[in-house]
Amino acid sequence: MARHPVGAGLCLAAPFTLFFWLVASEDEPDNLLFSVLLGLMMGVFFGLTAFFERLRQRRLKRLGIWNGS
């Protein structure tokens, strides 16, 4: 997952967007926009986490500490 942080973020953003849309109350007119924004925020957070994990793996591999398992 750390090899493709953008893909991981998008794969997580879609289910969270649907989840937030389903739990939003129907009397609010902007619930779809709010759901999309929350889903994208979750995707960005997860994508950045995967990106920083990839940087950590590269650093450990460069130092010879991590063997890839």
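See above for the structure.
Residues numbered from 1 in each chain as written. Predicted model: local features only at pLDDT ≥ 70, side-chain atom pairs only at ≥ 80, totals over all residues. Heavy atoms only, no water.

Visitor: Quick rundown of the overall build of the protein? Include the residues and the values.
Guide: The number of helices and strands found in the protein is 2 helices and 0 strands. Scaling as 2.2 N^0.38, a compact globule of 69 residues should have a C-alpha radius of gyration of about 11 Å, whereas the protein reaches 17 Å, well beyond that. Taken over the C-alpha atoms alone, the protein extends approximately 55 × 15 × 15 Å along its principal axes. Taking all 69 residues of the protein together, the buried fraction comes to 23%. (Helix = DSSP H or I, 4+ residues; strand = E, 2+ residues; numbered from the N terminus. Rg over C-alpha atoms; globule rule 2.2 N^0.38 Å. Buried < 20%, exposed > 50% of the residue type's maximum accessible area, 1.4 Å probe, protein only.)

Visitor: Could you give me a rundown of helix α2 (residues 31-63), with the residues and numbers involved?
Guide: Its 33 residues place the ends of α2 48 Å apart at the C-alpha level, agreeing with the 48 Å of an ideal helix rising 1.5 Å per residue. Within the sequence span of α2, burial applies to N31, S35, L38, G39, G43, G47, A50, Q57 and L60. Along its buried surface, α2 packs onto α1 (5-23). Trailing α2 by a residue or two, G64 shows a phi angle of about 80°, which is positive. (Expected span 1.5 Å × (residues − 1). Contact = heavy atoms within 4.5 Å.)

Visitor: Tell me about a nonpolar patch on the surface, and please be specific about residues and values.
Guide: Taken together, the side chains of L18, W21, L32, V36 and L40 make up a nonpolar region of the molecular surface, amounting to roughly 450 Å² of accessible area. Elements represented by at least two residues in the nonpolar patch include exactly α1 and α2. For the nonpolar patch, the leading source of residues is α2, giving 3 residues. Along the chain, L40 turns up in helix α2. (Patch = residues over 30% accessible without salt bridge, like charges linked within 9 Å, V, L, I, M, F, W, Y side chains within 5 Å. Areas by Shrake-Rupley, 256 points an atom, 1.4 Å probe, with all protein chains shown as cover. Salt bridge = Lys/Arg side-chain N within 4 Å of Asp/Glu carboxyl O.)

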